[in-house]
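Notes for the structure review
Spelled out from the first residue to the last, the chains are:
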Amino acid sequence: MCLLSSNKSLKKLAVSQYIASGLLAFYSQYSIADEIASKAIEKAISAYGAEALITMPQLNIKEQQLRYTKGQSGHAGEGAHGIALHKYNQQLNIDFVKKNKVFRRSDQNLLGNYGYHTLITLDRRFIEGKGAYIDHCLQTFQPSERIRWNSVGLDMEQGVDTLIVKQIAMLKKHVSSEGVAYIHGQAHDVLKYQQGNELYTVFINTDSGLVSRVVRKTGEQPTRYDFVAHTKNRIGIAWATEVMVSREQHPIAHVTERSLTMEQPLFSAELIPANYKRRQPATFLDFEQPSVNQLADDVFLVGQGWSFTLFVDIGKSYVSMGAWQMPGDKFTWRKRLEKLHQFTAEQKPVSHFVVTHHHDDHLMGLSEVVEHGAQLLMLPQHVDAVKASLSIPVDSSRLTLVRDALKVANDKIQVFDVPSSHADHNLVVYLPEQEILFAEDMFGSSLAKGFHSPNSWPSRDVYYRTETLNKKLQSVRVDVAQYVSSHHGRVLSKSEFKQALTLTCPSDDVLKQRLFGS
């Protein structure tokens, strides 16, 4: 009993010391700020809870957020891109006294080209000076020195007006007035201050003291937060229940609901959940230098980093596939062919190139293929996308239309159409003699051993595509010994591909229960 009472007394003392130091910093810095900024800050502090705002020992923020992003389209007729919409349910628990934070997020896809896996979870913790990632899909944890007090919440705090005002109160001597602006016809004091490498411009309603807008600039990229529908709890803490986040005049997120609580005890999370195992350190294969990997007689995988091309020797020429490229890439399709010529000491041309699907990143290298003189093999659904991607005109005679299960190059190559969530039509290439399968955006691993967790976008959907591909291969009864991906230098064996098929997450309800608890 004495020990328990002593611990309670120590906790009360820690909270009292925290409150006292907070008030001391608040009042000592108050006298330093410029007069106009000081009055605006004083108004804001009063509006957001006064002493309760400055001294609150804990805070729990819960919100629902809609996130808008540009994604790749699933249907070739829509073009290369479409809109993706995700719903975040996220929580941030902050212990200002002990300097502990826990950030949790469920991320559900509402619009976009994804399969039936629609939810992933994110759990980042910083407790007693240590950080960790928690994977509720595989029930593992991974310590991380990258997770610190200021990085736990992945910028969630930057969109909470209550925390912005609390920050201004503690940085008053660094805040300056930038005049007056009008929002919806109401005057707002404009304040500016620097925090690290970020510049903040804050718009505070002159009458109410509530924050209506914050512009946060990192480098040359400003992000704007507009705060609406303010509310207040019983002890006077105020916050905006809705927030619109935009960049370059385009909305990127909308917080549709938000609640704040600070009643103790809020902070009960441990750094590591009970019965979770430590994830083994992963070794990444970066393929920093251009490489040639001979997979079998007459079959070569050439690439670097994130982009690989397969070349199949059919006698007097090659059949090629895989032209993924990004702007500014140096080791382009033409350079890969030159690398192969150096490796083989032969100058065979490429007579045919297989186009797999309609996404522009996989078509970017096609202009070099056409300039080389190769015939393009593709599905009819991809003709428009191919023509649009080329920087030079191409005659229709250079385009050869194929169909599912067609054999070409004297039956040395067979193509299969495997529709999936990623693309409504996607050709995979099978080499019967060597039992090699080549695919783009269907499977793969950047690790020396094992696989990435299914609990992340787009990894979780990649596992769905792997499953879809496997069903197709079973239906056509082809035997595959090596699985080759255009995005990975690592070639998978039959047993490794089967291992990838075993990686699954539990149901969405179970994931959310593990993440948020009861």
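Keep in mind the model is a prediction, meaning the values are calculated, not measured. (Residues numbered from 1 in each chain as written. Predicted model: local features only at pLDDT ≥ 70, side-chain atom pairs only at ≥ 80, totals over all residues. Heavy atoms only, no water.)

1. Details of a nonpolar patch on the surface
A contiguous nonpolar surface patch, about 270 Å² in accessible area, is contributed by Ile-83, Leu-110 and Leu-111. Judged by relative accessible area, which is 54%, Ile-83 ranks as exposed. (Patch = residues over 30% accessible without salt bridge, like charges linked within 9 Å, V, L, I, M, F, W, Y side chains within 5 Å. Areas by Shrake-Rupley, 256 points an atom, 1.4 Å probe, with all protein chains shown as cover. Salt bridge = Lys/Arg side-chain N within 4 Å of Asp/Glu carboxyl O. Buried < 20%, exposed > 50% of the residue type's maximum accessible area, 1.4 Å probe, protein only.)

2. So, the UniProt feature "domain: Metallo-beta-lactamase" (unreviewed entry) in the chain
UniProt tags residues 296-487 as "domain: Metallo-beta-lactamase" (unreviewed entry). Secondary structure within residues 296-487 divides into 25% helix and 27% strand; the distance between the first and last C-alpha atoms comes to 19 Å. (UniProt positions renumbered as here; feature names shortened; annotations may be inferred. Helix = DSSP H or I, 4+ residues; strand = E, 2+ residues; numbered from the N terminus.)

3. Looking at the side chain of Thr-309
Within the element layout of this structure, Thr-309 appears in strand E17 (residues 307-313). The residues touching Thr-309, leaving out its near neighbours within four places in the chain, are Phe-300, Leu-301, Val-302, Ser-320, Met-321, Gly-322, Trp-333 and Arg-336. (Contact = heavy atoms within 4.5 Å.)

4. Thoughts on the nonpolar core
It is characteristic of soluble globular proteins that their nonpolar side chains tend to be buried jointly. In terms of nonpolar packing, the biggest core is built from 50 residues, with Tyr-48, Leu-59, Ile-61, Tyr-193, Val-202, Val-211 and Val-214 touching the most fellow members. Of all the elements, helix H2 (residues 35-47) adds the most residues to this core, at six residues. Not counting the four nearest positions on each side in its chain, Tyr-48 is found in contact with Leu-53, Asp-161, Thr-162, Val-165, Gly-209, Leu-210, Val-211, His-230, Gly-236, Ile-237, Ala-238 and Trp-239. (Core = buried A, V, L, I, M, F, W, Y, C linked by side-chain atoms within 4.5 Å.)

5. Focus: the domain arrangement of the chain
Here the domain parsing of the chain yields domain 1 (53-278) and domain 2 (291-508). Look at where the C-alpha atoms of domain 1 and domain 2 centre, and you get two points 40 Å apart. It is His-117, Ile-120 and Cys-137 in domain 1 that bury the most area against domain 2; as a group they hold 27% of the surface buried on that side. The interface formed by domain 1 and domain 2 contains zero salt bridges. Remark: the boundary between domain 1 and domain 2 carries 13 residue pairs in polar contact (both at pLDDT 80 or more). Only strand E2 (81-95), strand E3 (100-111) and strand E4 (119-127) provide two or more residues apiece to the side of domain 1 that touches domain 2. At three residues, the largest contribution of residues to the side of domain 1 that touches domain 2 is made by E4. For the side of domain 1 that touches domain 2, the class distribution of residues is eight nonpolar, 14 polar and two charged. (Domains from an automatic or database assignment. Buried area = accessible area lost by both parts, 1.4 Å probe. Polar contact = N/O pair within 3.5 Å; in protein donor to acceptor, adjacent residues only side chain to side chain. Nonpolar A, V, L, I, M, F, W, Y, C, P; charged D, E, K, R; others polar.)

6. Focus on the pattern of salt bridges
Scanning the model with the defined rule gives 19 salt bridges in all. Its salt-bridge partner being Arg-258, residue Glu-63 comes within 2.6 Å of it at the nearest N-O pair. One end of the pair, Glu-63, is in strand E1 (residues 58-72); the other, Arg-258, is in strand E13 (residues 250-261), and 195 residues separate them in sequence. Arg-258 carries the same exposure label as Glu-63, and that label is buried. Put simply, Glu-371 and Arg-334 hold a salt bridge, and the shortest N to O gap is 2.7 Å. Of this pair, Glu-371 sits in helix H7 (residues 366-372) while Arg-334 sits in helix H5 (residues 333-344); the two residues are 37 residues apart in sequence, bridging distant segments of the chain. Salt bridges sharing common partners tie together Arg-104, Asp-123 and Arg-125.

7. Notes on the state of the cysteines
Structurally, a disulfide amounts to a covalent bond that connects the sulfur atoms of two cysteines. Evaluation of the coordinates by the stated rule reveals one disulfide. Between the sulfur atoms of Cys-137 and its disulfide mate Cys-505 the distance is 2.0 Å. In this structure the cystine formed by Cys-137 and Cys-505 twists about its S-S bond by roughly -105°; its chirality is therefore left-handed. Separated by 368 residues along the polypeptide, Cys-137 in the loop between strand E5 (130-135) and strand E6 (140-143) and Cys-505 in the loop between helix H10 (494-502) and helix H11 (508-516) bring together distant segments of the chain. By relative accessible area, which is 14% here, Cys-505 ends up buried. (Disulfide = S-S within 2.5 Å.)

8. Quick look at the sheet that holds strand E15 (residues 291-296)
The seven strands are arranged E15-E16-E17-E18-E19-E20-E21 in an open sheet whose pairing can be described as mixed. One side of each edge strand has no neighbouring strand; the edge strands of this open sheet are E15 and strand E21 (399-401). In this sheet, neighbouring strand axes are inclined to one another by 25° on average, regardless of whether the strands run parallel or antiparallel. In this sheet, strand E19 (residues 350-354) lies alongside strand E18 (residues 318-321) in parallel orientation, the contact comprising four bridges. Its bridge partner lying in E19, Val-319 is registered against His-352. Helix-sheet contacts for H5 involve E15, strand E16 (299-304), E17, E18 and E19, and the interaxial angle to E17 is about 50°. (Pairing = 2+ DSSP bridges. Axes fitted to C-alpha atoms, helices over the stretch in contact; angles between N-to-C directions.)

9. Looking at the packing of aromatic side chains
Taken as a whole and assessed by the stated rule, the structure comprises nine aromatic pairs. Here Phe-443 and Tyr-483 contribute two aromatic rings whose centre-to-centre distance is 5.9 Å and whose plane-to-plane angle is 90°, an arrangement assigned as edge-to-face. On the criterion of sequence distance, the pair formed by Phe-443 in the loop between strand E25 (436-439) and helix H9 (459-476) and Tyr-483 in strand E26 (residues 482-485) is long-range, its members being 40 residues apart. With respect to burial, Phe-443 and Tyr-483 carry one shared label: buried. (Phe/Tyr/Trp six-rings, centres within 6.5 Å; stacked < 30°, edge-to-face > 60°.)

10. A closer look at the environment of His-174
If you trace the backbone, His-174 turns up in the loop between helix H4 (161-170) and strand E7 (176-183). Sequence separation between His-174 and Val-312 is 138 residues, and the spatial gap between their C-alpha atoms is 64 Å. Residues within four places of His-174 in sequence aside, it is in contact with Lys-192 and Tyr-193.

11. What to know about the packing of H9 against H10
Running from N to C, H9 and H10 cross one another at 120°; their axes reach a closest spacing of 9 Å. Here H9 is positioned oblique relative to H10, judged by the angle of their axes. In this structure, the crossing between H9 and H10 has a hand that is left-handed. Where H9 approaches H10, its residues Tyr-463, Thr-466, Glu-467, Leu-469 and Asn-470 are matched on the opposing element by Phe-497, Ala-500 and Leu-501. Within the contact of H9 with H10, the residues separate by chemical class into five nonpolar, two polar and one charged. (Parallel < 35°, antiparallel > 145°, perpendicular 65-115°, else oblique. Left-handed = near helix turned anticlockwise from the far one by under 90°.)

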